[in-house]
Amino acid sequence: MTPGSLNALRRDRELTALAGGERVDLVVVGGGVTGAGIALDAAARGLSVALIEAYDLAYGTSRWSSKLVHGGLRYLAKGDLALAHESAVERGILMTRTAPHLTRALPQLFPLYRKTSRGQQAFIMTGLLAGDGLRRAAGTPASVLPRPRSIPAAEALALAPGLSPQGLRGALLAYDGALTDDARLVVNLARTAAARGAKILTKVEALRLDAESVLARDRLTGQEVEIHARQVINATGVWAGELAESVRLRPSRGSHLILAAGAAPIGATSVNVPVPGENNRFVFLLPQPDGRVFVGVTDEPTDGPVPRVPSVPESDVDFLLEVASTAFTRPLTRDDVAGSFAGLRPLVEGGGRSADLSRKHAVVTGADGVLTVVGGKLTTYRKMAEDAVDAALKRSGLLAGPSTTSRLPLLGATPRDRLSTVDASPRLVSKYGTEAPRVAALGEVDPELGLPLFDGAEISAAEVVWAVRHEAALDVEDVLERRTRLGLVAADAEAARGRVQELVDKSLAGLA
């Protein structure tokens, strides 16, 4: 077993040690991007750490993002220069140092039609130029994220052939960062933390917290376990208030539709369609590596109990299709929709509408001494983790040096200019980086594992085996929903389910 391998065997061994009284420096509750980031930051400083997650890595909000690595342009438009700069810096760290293999530059097209006023065009271009200033200030080279520019209508149509040519005057072209897969980032963070000694325990549910202990239940056996630490950190996102009564969040729903391949011909370029009557709000069409297109995002407050898996309301479906259709030759309909997903952002409660609430994060100390991380967003997870560990050191008296994660590559990472030299298919390299040849080798040793899961699928059986042996997948849903993302389209998940079940059962038996 390699140091970064997470699987059922390692889970049982480490959970047994904690149940037997082993005390760690930090216990992190929550296996999303923030919790995994905290575990890595702590482990990289030499602290002993255990992360527990009730369901699976990236089970919650972290797998429901737009899969963008934002540079902070939206915050700049609101006058929040500090948050915009922080976002640009963290984007640069992800794309150039910690995870070049999981990120890519995404062209962003802003079509300009006759109905687009010169004032609105100037407003957008001014924002893009300011965003490019943030890129430069953050030290991200133009070779990674090219500068914005104006392009003629012919070039816009070449980039996105599905755009309506009627009245098209040209377009503005800019670049931002995008992830291959948000859930894969979380898994990589957790595995990198595990390689440095962190205990990463999924399907272990926190029942009660205090500053130095967690009462938890192993959801596989029903056994209750008392886990002891010098400091407990609550990183459960929109569910933080269930474990910390003093925390007040106002979840905001971001809805996305998944369009079938070919429904919106935009090539590899995202298209930003302005929402009528709004100065700085767009519906995004985001191309995916498999040819499908994500359409999002709304930003609506959500009241009441927080669901484990949010759904997209019918009103959001209508809204997204209606706005997106305004820029295309053929109107988009429900027949074009292959799937949908929604995520709930853990915004700090405040006045005003959801779209205007700050994405700033905070580390809050409860009356019971538990530290809770609130707010924030995926792009700035690393800074959130750094601040949380700094707060834990201060409160607990633990001694450790400063954070090193801004310079710490994740497993599989290599400089961007070397990714093309990795001996594996580009698709595997974009998911596994330098580990891609090891995944491919499973199919070379056993040709059955080199076959796709079903006719028309890109994902092979080898990727399922790798997920169980090395990526903490413990059941079929872990594989379908978060390691392969086949669950985004119900038809794909059902086509693969039988074969995945067979592979999971066999792989788990091989670990015993």
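Just above sits the structure.
Every chain's residues receive numbers from 1 upward, in the order its sequence appears when written. Side-chain atom pairs in this predicted model are given and counted only at pLDDT of 80 or more, local residue features only at pLDDT of at least 70, and totals for whole chains, interfaces and linings cover all residues. Side-chain measures were taken over the full set of non-hydrogen atoms in the model, leaving aside hydrogen atoms and water.

Participant: Describe the environment of L243, listing the residues and the values that go with them.
Facilitator: For L243, the location among the structural elements is in helix α8 (residues 240–243). Buried, partly exposed and exposed residues are distinguished by accessible area as a fraction of the type maximum, computed with a 1.4 Å probe on protein chains only: under 20%, between the cut-offs, and over 50%, respectively. Judged by its relative accessible area of 22%, L243 falls in the partly exposed class. As for L243 and L128, which are separated by 115 residues in sequence, their C-alpha atoms are 41 Å apart. What makes two residues a contact is simply this: any of their non-hydrogen atoms within 4.5 Å. In contact with L243, other than residues within four places in its own chain, are V29, A206, L207, L209, N234 and T236. Comment: elements are numbered from the N terminus, with helices defined as DSSP H or I runs of at least four residues and strands as E runs of at least two.

Participant: Explain the pairing of strand β14 (residues 293–296) to me, using residue names and the numbers behind them.
Facilitator: Burial along β14 is two-sided: the residues V293 and V295 and F294 and G296 are all buried. Pairing between strands is defined by DSSP: at least two bridges between them are needed. Across four bridges, strand β11 (residues 252–259) lies against β14 in antiparallel orientation. Bridging from a neighbouring strand, H256 pairs with G296 of β14. Looking at chain direction, strand β13 (residues 282–287) and β14 are connected through four bridges and run antiparallel. Across the sheet, F284 pairs through a bridge with G296, a residue of β14. With antiparallel pairing between neighbouring strands as the criterion, β13 and β14 make up a hairpin whose turn holds five residues, including G291 at a positive phi of roughly 95°.

Participant: Describe the environment of F123, and please don't skip the residues or the numbers.
Facilitator: Topologically, F123 is positioned in helix α5 (residues 118–138). Sequence spacing of F123 and N280 is 157 residues, and the spatial spacing of their C-alpha atoms is 9.0 Å. Setting aside residues up to four positions removed in sequence, F123 forms contacts with N279 and N280.

Participant: Quick rundown of the packing of aromatic side chains? Include the residues and the values.
Facilitator: Any two of the Phe, Tyr and Trp rings considered here, Trp counted by its six-membered ring, make a pair once their centres fall within 6.5 Å; the pair's planes then place it as stacked at under 30 degrees, edge-to-face at over 60, or tilted in between. If you walk through the whole model with that rule in mind, you get five aromatic pairs. Geometrically, the ring pair formed by Y55 and Y59 is stacked, given 4.5 Å between the ring centres and 20° between the ring planes. Since its relative accessible area comes to 15%, Y59 is described here as buried. Feature note: the residues W64, F294 and F341 constitute an aromatic cluster, connected by ring pairs. Charges are assigned to positions over rings by a cutoff of 6 Å between ring centre and Lys NZ or Arg CZ, combined with an angular limit of 35 degrees from the ring normal. Here R63 stacks its cationic end above the ring of Y59, 5.0 Å away from the centre of that ring.

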